Amino acid sequence: MRLVLDGGALVANWRALDRLSGKASAGAAVKADGYGLGASEVVQRLSKAGCGDFFVAHWGEAQALAGRVDPARLAVLHGIAPGEEAAARAGFAVPVLNSAEQITRWRQAGGGRCHVMIDTGMSRLGLDWRENIAGLCAGLDVDLCMSHLASADEDSAQNAAQLQRFETVRQSVQAARYSFANSAGIALGRDYQFDCTRPGLALYGGVPCDALAKHVSPVMRLETRILQVRHVRAGDSIGYGATYVARHDMRTATLALGYADGFKRALSSIGAFRHGDARLPILGRVSMDLTCIDLAAAPDLSEGDWIAADLVLPEVQAATGISQYEWLTQIGRRFDRIWVD
Ligand SMILES: *Cc1c(COP(=O)(O)O)cnc(C)c1O
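Please read all numbers here as calculations on a predicted model, not as lab measurements.

Colleague: Before we move on, could you go through the side chain of threonine 252 and cite the residues and values that matter?
Modeller: Relative to the elements of secondary structure, threonine 252 occurs in strand 15 (residues 250-256). For threonine 252, the contacting residues outside a window of four places in its chain are Gln228, Val229, Arg230, Val232, Ile238, Leu283, Ile293 and Leu295.

Written out as structure tokens, the structure reads:
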């Protein structure tokens, strides 16, 4: 099984998002191993293209990128938990301080350059915009003062409300730079862009909102091999639960790919593979390591041949109700990752 990853498309997506970010420069969210594509490969390609700022969630993720990125421009979004002071001081990356406790921990550990996260309406991570932000941040050497949008991918009044709160908070935090927009936030326009944007999903070929559709190309192609070709007879059933019963004789293929690889069971009976222009539908349930497809439209395929999943992120999201973020980040470790470009 292999993921064929298009480095040219990744870079083109970043360039498009950087351009759409106006005066702001686009960074890149590379947490969760670059949304499952491989953070080091992503960072290497985007750095070369001119991307300066990178965001991970954990210190371990930062450490794994040591030597590949300027530590001053690598941010750890989760900040400093008790016991992580040493990691935070080791110089792999800069912490994003999310709470009064994290700020205290950073000061006690010796302080220095940091980022701060302001919660403007997600009730998740960050200093509550209603707190005494100026007091909490007094004397901190803040590079990025940032906040995160809850509904950027929707036409929601929450976006403007969060923006207004961020604008207010901005007056009380002295920072070198301000940052607000994720992928979808970039498409909300100039007011949302500030100095640095933080796209993730759209870099990797996800399409969070219609406005970005024409600027984003797919990066990942999922390929696997035909383990076995079968002649299924009328009346035979296929897979667990016998959810598919052949109405006529048919030629099918069993593929080495299943939900343990992140190829989710939700695609049972509705997903497909591609061979040239031919669409080869999935028959019955996706198993843990195996999936069966109809070969009627591809009579030339045989055992051992490689075949690509028809996995267009916004389409599988629409078809399964499972978000593009989950599709990307849950693709498993069994794949060989093959970068072209
Ligand atoms: C993950 C993340 C991003 C990237 O969001 P996308 O929707 O993938 O573009 C940006 N900012 C923060 C704080 C994040 O956690």
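Additional details are given in the paragraphs that follow.
Colleague: I'd like a description of the domain arrangement of the protein chain, backed by residues and values.
Modeller: In terms of domains, the protein chain is made up of domain 1 (7-207) and domain 2 (220-311). Look at where the C-alpha atoms of domain 1 and domain 2 centre, and you get two points 41 Å apart.

Colleague: An account of the packing of aromatic side chains is needed here, citing residue identities and associated values.
Modeller: Taken as a whole and judged by the stated rule, the model has seven aromatic pairs. Considering the side-chain rings of tyrosine 35 and tyrosine 204, the 4.8 Å spacing of their centres and the 35° angle between planes classify their relative orientation as tilted. Residue tyrosine 35 is found in helix 2 (residues 31-35), and its partner tyrosine 204 is found in the loop between strand 11 (196-197) and helix 10 (210-213); the two are separated by 169 residues along the sequence. Note on tyrosine 204: relative accessible area 1%, which makes it buried. Judged by centre distance (4.8 Å) and plane angle (5°), the ring pair of phenylalanine 166 and phenylalanine 180 falls under stacked. Linking phenylalanine 166 in helix 8 (residues 157-170) with phenylalanine 180 in the loop between strand 10 (175-179) and helix 9 (183-186), this pair joins segments that are 14 residues apart in sequence. Assigned by exposure class, phenylalanine 166 and phenylalanine 180 land together as buried. Through pairs of rings, three or more aromatic residues link up here, namely Phe166, Phe180, Tyr192 and Phe194. Geometry around tyrosine 178 places arginine 170 over its ring, the cationic atom sitting 4.9 Å from the centre.

Colleague: Break down the pairing of strand 12 (residues 220-232) for me, with residues and values.
Modeller: Taken residue by residue, a regular strand's side chains alternate between the two faces of the sheet. Judged from the four bridges that link them, strand 1 (residues 2-6) and strand 12 form a sheet pairing that is antiparallel. Counted as the bridge partner of leucine 5 is methionine 220 from strand 12. Bridging between strand 12 and strand 15 involves six bridges; their strand directions are antiparallel. Within strand 15, the position partnered with valine 229 by the bridge is alanine 253.

Colleague: A description of the pairing of strand 10 should follow, citing residues and the corresponding values.
Modeller: Counting buried residues in strand 10 gives four out of five residues, a clear majority hidden from the surface. Bridge count for strand 9 (residues 141-147) against strand 10 is four bridges, and the pairing is parallel. Directly across from cysteine 145, in strand 10, lies its bridge partner tyrosine 178. Regarding the hand of the β-α-β motif, the stretch spanning strand 9, helix 8 and strand 10 is right-handed.

Colleague: Give me the environment of leucine 20: which residues, what numbers.
Modeller: Secondary-structure assignment places leucine 20 in helix 1 (residues 7-20). Along the backbone, leucine 20 and glycine 258 are 238 residues apart, and their C-alpha atoms lie at a distance of 37 Å. Dropping the residues within four chain positions of it, leucine 20 is found in contact with Ile186, Gln193, Leu212 and His215.

Colleague: Please give an account of helix 1 that cites residues and values.
Modeller: Here helix 1 spans 20 Å end to end across 14 residues, near enough to the 20 Å set by a 1.5 Å rise per residue. Those residues of helix 1 that fall on the buried side of the exposure criterion are Gly7, Ala9, Leu10, Val11, Asn13, Trp14, Ala16 and Leu17. Tucked inside the fold, the buried residues of helix 1 contact strand 1, strand 2 (25-26), helix 3 (39-49), helix 9, helix 10 and strand 20 (336-340). Capping the start of helix 1, aspartate 6 holds a side-chain oxygen 3.0 Å from the backbone nitrogen of glycine 8, two or three residues further along. Just past helix 1, the residue glycine 22 takes up positive phi, approximately 60°.

Colleague: Lay out the site of the ligand in plain terms, naming residues and giving numbers.
Modeller: Inspection of the region around the ligand gives 13 residues, with Lys31, Tyr35, Ser183, Leu201 and Tyr325 positioned closest. Between a nitrogen atom of the ligand and a side-chain N or O atom of histidine 148, the distance comes to 3.3 Å. At a separation of 2.5 Å, an oxygen atom of the ligand approaches a polar side-chain atom of serine 183. Notes on the ligand: free accessible area 390 Å², of which the protein chains cover 92%. The class makeup of the residues in the shell around the ligand is seven nonpolar, four polar and two charged.

Colleague: Describe the UniProt feature "binding site: substrate" (unreviewed entry) in the protein chain, with residues and values.
Modeller: When the UniProt feature table is mapped to this numbering, "binding site: substrate" (unreviewed entry) covers Arg124 and Met288. Judged by maximum C-alpha separation, these annotated positions cover 165 residues in sequence and are scattered in space, the widest gap reaching 33.7 Å. As for the annotated residues named above, the ones lining the largest pocket are Arg124. Structurally, arginine 124 can be placed in the loop between strand 7 (113-119) and strand 8 (127-128). What makes arginine 124 exposed here is its relative accessible area of 58%.

Colleague: If you had to explain the UniProt feature "modified residue: N6-(pyridoxal phosphate)lysine" (unreviewed entry) in the protein chain to someone new, which residues and values would you point to?
Modeller: Following the UniProt record, the feature "modified residue: N6-(pyridoxal phosphate)lysine" (unreviewed entry) maps to Lys31 here. Relative to the helices and strands, lysine 31 is located in helix 2. Excluding residues within four positions of it along the chain, lysine 31 makes contact with Phe55, Val56, Ala57, Glu61 and Leu77.

Colleague: Give me the lowdown on helix 11 (residues 313-320), citing residues and values where you can.
Modeller: Among all positions of helix 11, only Leu313, Val316 and Thr320 are buried. Projection of helix 11 onto a plane perpendicular to its axis shows the buried side chains occupying an angular sector of 65°, all on one side. In this fold, the buried residues of helix 11 make contact with helix 12 (324-329). One or two positions beyond helix 11, positive phi appears at glycine 321, with a value near 75°.

Rules behind the numbers
Here the residue numbering is sequential within each chain, running from 1 through the sequence in written order. Residues qualify for local features only when their pLDDT is at least 70, as the model is predicted, and side-chain atom pairs are given and counted only at 80 or more; totals for whole chains, interfaces and linings, by contrast, use all residues. Note: side-chain values were computed over all heavy atoms of the structure, leaving out hydrogens and water. To qualify as a helix, a DSSP run of H or I must reach at least 4 residues; to qualify as a strand, a run of E must reach at least 2; elements of each kind are numbered from the N terminus. The contact criterion used is simple: two residues touch if any of their non-hydrogen atoms lie within 4.5 Å. The split of the chain into domains comes from an automatic or database domain assignment. By convention, a stacked pair of Phe, Tyr or Trp rings (six-membered ring in the case of Trp) has centres within 6.5 Å and planes under 30 degrees apart, an edge-to-face pair has planes over 60 apart, and any other such pair is tilted. Each residue is assigned to one of three classes by its accessible area relative to the maximum for its type, calculated with a 1.4 Å probe on protein chains only: buried under 20%, partly exposed between the two thresholds, exposed over 50%. Comment: the charge-over-ring label is applied if NZ (Lys) or CZ (Arg) is within 6 Å of the ring centre and within 35 degrees of the ring normal. By this definition, two strands are paired if DSSP reports at least two bridges between them. Looking down the strands as they point away from the viewer, one classifies a crossover as right-handed if the path from the first strand across the helix to the second runs clockwise. One less than the residue count of a helix, multiplied by 1.5 Å, gives the span that helix is expected to have. Polar contact is the term for a pair of N or O atoms within 3.5 Å; when the atoms are in protein, one must be able to donate a hydrogen and the other to accept it, and sequence-neighboring residues count only if both atoms are side-chain atoms. When at least one non-hydrogen atom of a residue lies within 4 Å of a molecule or strand, that residue is treated as near it. Note on areas: Shrake-Rupley with a 1.4 Å probe; residue coverage comes only from the protein chains shown. For this scheme, ten residues count as nonpolar: Ala, Val, Leu, Ile, Met, Phe, Trp, Tyr, Cys and Pro. Four count as charged, namely Asp, Glu, Lys and Arg, and the remainder, Gly too, count as polar. UniProt positions are given in the numbering used here, feature names are shortened, and annotations may be inferred rather than shown by experiment. Buriedness for pockets is judged along seven lines, at least five of which must meet protein on both sides within 12 Å for an open set on the 1 Å grid over protein atoms alone, while cavities are sets there where a 1.4 Å probe fits but cannot get out, and lining residues have an atom within 4 Å of a point. In this description, one arc is meant: the one made by directions from the helix axis to the C-beta atoms.

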